[in-house]
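Here is what each chain is made of, one letter per residue.
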Amino acid sequence: MSSLLLANLRLVVTMDDEGRELSGASIANQDGWITRVGEVSPSDRFDETIDCSRFVAIPGLINAHHHLYQTLTRGFSQSVGLGLFDWLTLLYPIWAGLDEEMVYASTQTGLAELALSGCTTSADHLYVFPPGSDAFLDAQAEAAGAVGLRFHATRGSMDLGQRDGGLPPDSITQPREVILKDSERVVQRYHDPGPGSMLRIGLAPCSPFSATPELMLETAGLAREMEVRLHTHLAETLDEDEYSRRELGVGPVDFLDRVSWLESDVWLAHCVHLQPSDIQMFGERRVSVAHCPTSNMLLGSGLAPVRDLLNGNVSVGLGVDGSASNDGNDLIREVKQAVLSARARDGAGAMPVRQALRLATRGGAACLGRDDVGCIAAGKAADLALFDADSLVMAGTDEDLVAGLILSAARPDSVYVHGRPVVRNGHLVRLDEEALAARQRAASRLLLERWREGASL
Ligand SMILES: [Zn+2]
């Protein structure tokens, strides 16, 4: 490996515990780890030195919730506007046509776009497993490795189909034994718990309206036995709240408590509709939340009580959510959305810009159970996004470069993961963007063709 010096940055936004922002500082890296932030002795020698005097550095952003396969159907259902249950009911039969090539192409497409928006670590939640899906997680692991982002794949699952009162068609659900066996397999094969890990696995039954209580309980047992994290959707819509009270006899958070999920190894997507007692319980049990403001607004789900969660000492990360409810993979824009949605809900003081950036860095790291990423400090992994302070979109933001880069339409010039460039001059380093787009278009067209042929039978 090698040493790298990013010299004389215009500003380094560390997101450390003190929230330090350093003008003219340098970031020294060795073998993918940050060794020093600040002044560097002229006698120190590096294999590569890059003059960064026009750049603002922030920690690489962390995406805490996603469904990468949905990049195959983005825009599709959004021209009219459907709530979550109608939207899912429309899309489930289309996603039933997924195959390995589609999973591979969409994983790369989503992660590539995320990288271009300053993201260095992403979670994913793949929960659609039609017949022939045995190697979906394997395809994702391979695809993510080629992009160069850190990847937290979660093995999603649904075992509660329409036949048994659930929402999804039975054809994309699996028996519980099959789910648990494959979950164990992918953890054993791919999960790397070590510092600087590029690939980790979590377990993730989809939601209370598509997974049985037995699956939730047994998945939690398996995850704890194998020491991996747990993830699911929760309290996303009022429909879900009604479903939970009608079918399960309790609200969504009490249901989770019943199946042993309110623990510190759990992070939950959405959490829009919460009672004050739910927030208190999350704080006490150290459950983390992945906030997905664009998705919540697009599906009309509501505005999550992020200010109340933060006041209740709950760790909150940020997620772009699946690309059929966003419909992009742009994490720096999601930081802006976090600012806007919190202020729309609770007033102008509800979300300072730096706090929103903290959600997408330290908050995301907390969701994924990592202490090696999320801030710029000696001993942390060299995951960085560099924005050009002299670019047109940032011209006029000198007085507050942090607010400037988040609220303007800034895109990173360079992105490093473990000291290795994945984006340079605003473009992917490892993959050909046009070739990837063509591969994704072909996969998306085939998926919709399959659906139309099936629908016309
Ligand atoms: Zn989701």
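Residues numbered from 1 in each chain as written. Predicted model: local features only at pLDDT ≥ 70, side-chain atom pairs only at ≥ 80, totals over all residues. Heavy atoms only, no water.

(A) Up close: the sheet that holds strand 5 (residues 33–38). Strand order in the open sheet formed by four strands is 5-4-1-6, and the pairing between neighbours is mixed. With partners counted over all chains shown, the strands left at the sheet margins are strand 5 and strand 6 (48–51), one partner each. The average angle at which neighbouring strand axes cross in this sheet is 15°, direction not considered. Inspection of the sheet shows strand 4 (residues 26–30) paired to strand 5 by five bridges, in the antiparallel sense. Directly across from Ile 27, in strand 5, lies its bridge partner Val 37. (Pairing = 2+ DSSP bridges. Helix = DSSP H or I, 4+ residues; strand = E, 2+ residues; numbered from the N terminus. Axes fitted to C-alpha atoms, helices over the stretch in contact; angles between N-to-C directions.)

(B) Structural view of the pattern of salt bridges. One pass over the full model with this rule turns up 24 salt bridges. Notably, a salt bridge pairs Asp 390 with Arg 10, separated by 2.9 Å at the nearest N-O pair. Linking Asp 390 in the loop between strand 16 (384–388) and helix 13 (401–407) with Arg 10 in the loop between strand 1 (3–7) and strand 2 (11–13), this pair joins segments that are 380 residues apart in sequence. Residues participating in the shared-partner salt-bridge network are Asp 138, Arg 155, Asp 182, Arg 185 and Arg 189. (Salt bridge = Lys/Arg side-chain N within 4 Å of Asp/Glu carboxyl O.)

(C) Local environment of the side chain of Asp 182. Considering the arrangement of structural elements, one finds Asp 182 in helix 4 (residues 176–190). For Asp 182, a relative accessible area of 14% translates into the label buried. What Asp 182 contacts, discounting residues up to four positions off in sequence, is Asp 134 and Arg 155. (Buried < 20%, exposed > 50% of the residue type's maximum accessible area, 1.4 Å probe, protein only. Contact = heavy atoms within 4.5 Å.)

(D) Main features of the side chain of Ser 414. Inspection of the secondary structure assignment puts Ser 414 in strand 17 (residues 412–417). At a separation of 2.6 Å, a polar atom in the side chain of Ser 414 contacts the side chain of Asp 413. Contacts of Ser 414, omitting those with residues within four sequence positions, involve Leu 384, Ala 385, Leu 386, Val 423 and Arg 424. (Polar contact = N/O pair within 3.5 Å; in protein donor to acceptor, adjacent residues only side chain to side chain.)

(E) Molecular detail of the packing of aromatic side chains. Applying the stated criterion across every chain yields a total of seven aromatic pairs. With a centroid separation of 5.9 Å and 80° between ring planes, the pair formed by Tyr 69 and Tyr 127 is classed as edge-to-face. With a gap of 58 residues between them, Tyr 69 in the loop between strand 8 (61–63) and helix 1 (84–95) and Tyr 127 in the loop between strand 9 (119–126) and helix 3 (136–147) connect regions that are remote in the sequence. For the pair shown, Tyr 69 and Tyr 127 are each scored as buried. Centre to centre, the rings of Trp 87 and Trp 95 are 5.8 Å apart; their planes meet at 75°, and the pair counts as edge-to-face. Under the relative-accessibility criterion, Trp 95 is labelled buried at 0%. By way of ring pairs, the aromatic residues Tyr 69, Trp 87, Tyr 92, Trp 95 and Tyr 127 are connected into one cluster. Between the NZ or CZ atom of Arg 155 and the centre of the ring of Phe 129, over which it lies, the distance is 3.8 Å. (Phe/Tyr/Trp six-rings, centres within 6.5 Å; stacked < 30°, edge-to-face > 60°. Lys NZ or Arg CZ within 6 Å of the ring centre and 35° of its normal.)

(F) Looking closely at the nonpolar core. Core analysis: the biggest nonpolar cluster contains 128 residues, and Trp 95 and Phe 282 have the highest contact counts within it. Two domains share this core, each providing at least three of its residues, namely domain 1 (3–59 + 374–425) and domain 2 (61–367). Leaving out residues up to four positions away in the same chain, Trp 95 has contacts with Tyr 69, Gln 70, Thr 73, Trp 87, Leu 88, Tyr 127, Val 128, Pro 130 and Ala 324. (Core = buried A, V, L, I, M, F, W, Y, C linked by side-chain atoms within 4.5 Å. Domains from an automatic or database assignment.)

(G) Representation of the environment of Asp 239 within the structure. In this structure, Asp 239 sits in helix 6 (residues 238–248). Separated by 137 residues in the primary sequence, Asp 239 and Ile 376 place their C-alpha atoms 41 Å from one another.

(H) The coordination of the zinc ion, seen in detail. Looking at the zinc ion, one finds its protein donor set to be His 65 (NE2), His 67 (NE2), His 233 (NE2) and Asp 321 (OD), positioned 2.1 to 2.4 Å from the metal centre. Each of the four donor atoms bound to the zinc ion contributes to angles spanning 85 to 175°, and the resulting shape is irregular. When the donor residues of the zinc ion are listed from N- to C-terminus, their spacing reads H-x1-H-x165-H-x87-D. This pair shows no difference in class: His 65 is buried, exactly as His 67 is. (Donors = N, O, S within 2.8 Å, 3.2 Å for Na, K, Ca; no water. Tetrahedral: all angles 85-135°; square planar, octahedral: opposite > 155°, others 65-115°.)

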